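# Coordinate inspection notes
Each chain, letter by letter, is given below.
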Amino acid sequence: MNGGKELTEMRELSAAEITKAVKDLFIDANINLGEDVLAALHRALEQEESPQGKEILNELIENARIAKEEGIAICQDTGLAVVFVELGQDCHVAGGDLSEAINEGVRQGYQEGYLRKSACHPFTRANTGDNTPAIIHLDIVPGDTIKIIAAPKGGGSENMSRVMMLTPSVGMEGVKDFIVQRVRESGANPCPPVIVGAGIGGTFEQTALIAKKALLRPIGSTNPDPELAAMEADLLTRINNLGIGPQGYGGRTTALAVHVNMIPCHIASLSLAVNIQCHAQRHKEVVI
Ligand code: SF4
C-alpha cells in the first residue's frame, strides 16, 4: 500500500558507468587546467608589475599548454582523489555499490593516466598503491541524475590549510585578519598564486567542507551574497598587497581569487576554515 500516493519510478544508473566517468574526470582534471584558471593567469600577467612575477606567470601558462598538448599532468603532485557527489534521490545504482564504483574509477584513472599515486599510511608511509581510498562527499539531492565532481588536491597547498574555532567577539574583521595571516604564513609553500577557499560557520567538520566547496566556484564569478562579495574583494586586495607573488618570488599576484562560503554557527562559536589551493586548481564534473 502506498497510501494513495504515486510511487516515483527510480532511474537506474550502472556502477560501471560511474567508474568510467570518475576515471575520465581524474585524467581530464589532472591534464587540462580549467579555462577560468587560465583566464585568471592571463589577467594576472597583465597586472603583474614584478619581472620575476611575470616570468613565473608566463611559465605557468606555458606549463598548462604543454600539459594539454602532450596529455601529461599539470603537476607531479596529482593529489588525493577528492570526489563530490550529488546523487538524485530518484536514482538507483545497479551492478555494484557507489563507493566501490568511485574507488575503482580512481584506481583506473591514476593507472591509465600515468598519474602519481599519493595516498599512503600516515605512519609507515607505505603507499596504498592505487591512490585510493577516494575522499567522497555525498549529498542527496532532488532528481534522478548524478553529478560527480573530481577535484584532485595536492599536498603542498593542503598542508597550509587550517580550521580554527574563534571566539565570536573577533567578528568579521577578526576573521579577515586570520585569513590574511594564514596566507602570509604560508608564503611560497602552497605554490602561489593561490585560490583561497574560506568557510565561516557550522560545526568543526562542516566549516572545512564548505571551505573546500568554495574552491569549486569558477574564478572570476561574484559571490551572490553582496556582503560576502565585498569581503572577498577586500581580502583579495589585502592578500595581493602582501607581496609574496608568483611562487614566492615577489609581486602583486599572490592570489587569483578568494571565495567565501558562510552558514549559521553555534551561539558559542565562530568557526573558520581556510583551504588553500595552488595555481594547479583542478576540478572537472559530469552529470549522468
Ligand atoms: S601545491 Fe599544487 S602546484 Fe604545488 S606541488 Fe602541490 S599540486 Fe603541485
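The structure reproduced in this document is the subject of the present report. (Residues numbered from 1 in each chain as written. Predicted model: local features only at pLDDT ≥ 70, side-chain atom pairs only at ≥ 80, totals over all residues. Heavy atoms only, no water.)

### Some points on the side chain of N103
Relative to the helices and strands, N103 resides in helix 4 (residues 98-112). Other than its neighbours up to four places away in sequence, N103 contacts T132, P133, A134 and I136. (Helix = DSSP H or I, 4+ residues; strand = E, 2+ residues; numbered from the N terminus. Contact = heavy atoms within 4.5 Å.)

### Here's the deal with unusual backbone geometry
For residues other than glycine, phi is negative in most cases, and the peptide bonds are mostly trans. Following T132, the chain continues into P133 via a peptide bond in cis, with omega recorded as 5°. Assignment of secondary structure puts P133 in the loop between helix 4 and strand 4 (135-141). Along the chain, P192 connects to P193 via a cis peptide bond; the corresponding omega equals 10°. Its location among the elements puts P193 in the loop between helix 6 (171-186) and strand 7 (194-200). At R125, a residue that is not glycine, the phi angle is positive and equals roughly 65°. A relative accessible area of 55% places R125 in the exposed class. Residue C191 is not a glycine yet carries a positive backbone phi of 55°. (Buried < 20%, exposed > 50% of the residue type's maximum accessible area, 1.4 Å probe, protein only.)

### Some details on the site of the ligand
Neighbouring residues of the ligand: C75, Q76, D77, G154, G156, S157, P190, C191, C278, H279 and R282. Residue classes in the shell around the ligand are distributed as 4 nonpolar, 5 polar and 2 charged. Shared between two domains, the shell around the ligand holds at least three residues of each, these being domain 1 (11-30 + 74-153) and domain 2 (156-281). (Near = heavy atom within 4 Å. Nonpolar A, V, L, I, M, F, W, Y, C, P; charged D, E, K, R; others polar. Domains from an automatic or database assignment.)

### Some words on the pattern of salt bridges
Evaluated as defined, the whole model comprises 18 salt bridges. Across the salt bridge formed by K213 and D139, the nearest N and O atoms sit 2.8 Å from each other. Of this pair, K213 sits in helix 7 (residues 204-214) while D139 sits in strand 4, placing them 74 residues apart in sequence. On the basis of relative accessibility, which here comes to 28%, the residue K213 falls in the partly exposed class. (Salt bridge = Lys/Arg side-chain N within 4 Å of Asp/Glu carboxyl O.)

### Brief notes about the sheet that holds strand 9 (residues 270-277)
Across the sheet, 4 strands lie side by side as 6-9-7-8; this open sheet has mixed pairing. The open sheet terminates on both sides in strands that have one partner only, identified here as strand 6 (162-166) and strand 8 (255-262). Put simply, the sheet's adjacent strands are angled 15° from each other on average, direction ignored. Against the sheet, helix 6 engages strand 6, strand 7 and strand 9, with an angle of about 30° to strand 9. (Pairing = 2+ DSSP bridges. Axes fitted to C-alpha atoms, helices over the stretch in contact; angles between N-to-C directions.)

Any functional reading would require information that these geometric values do not contain.
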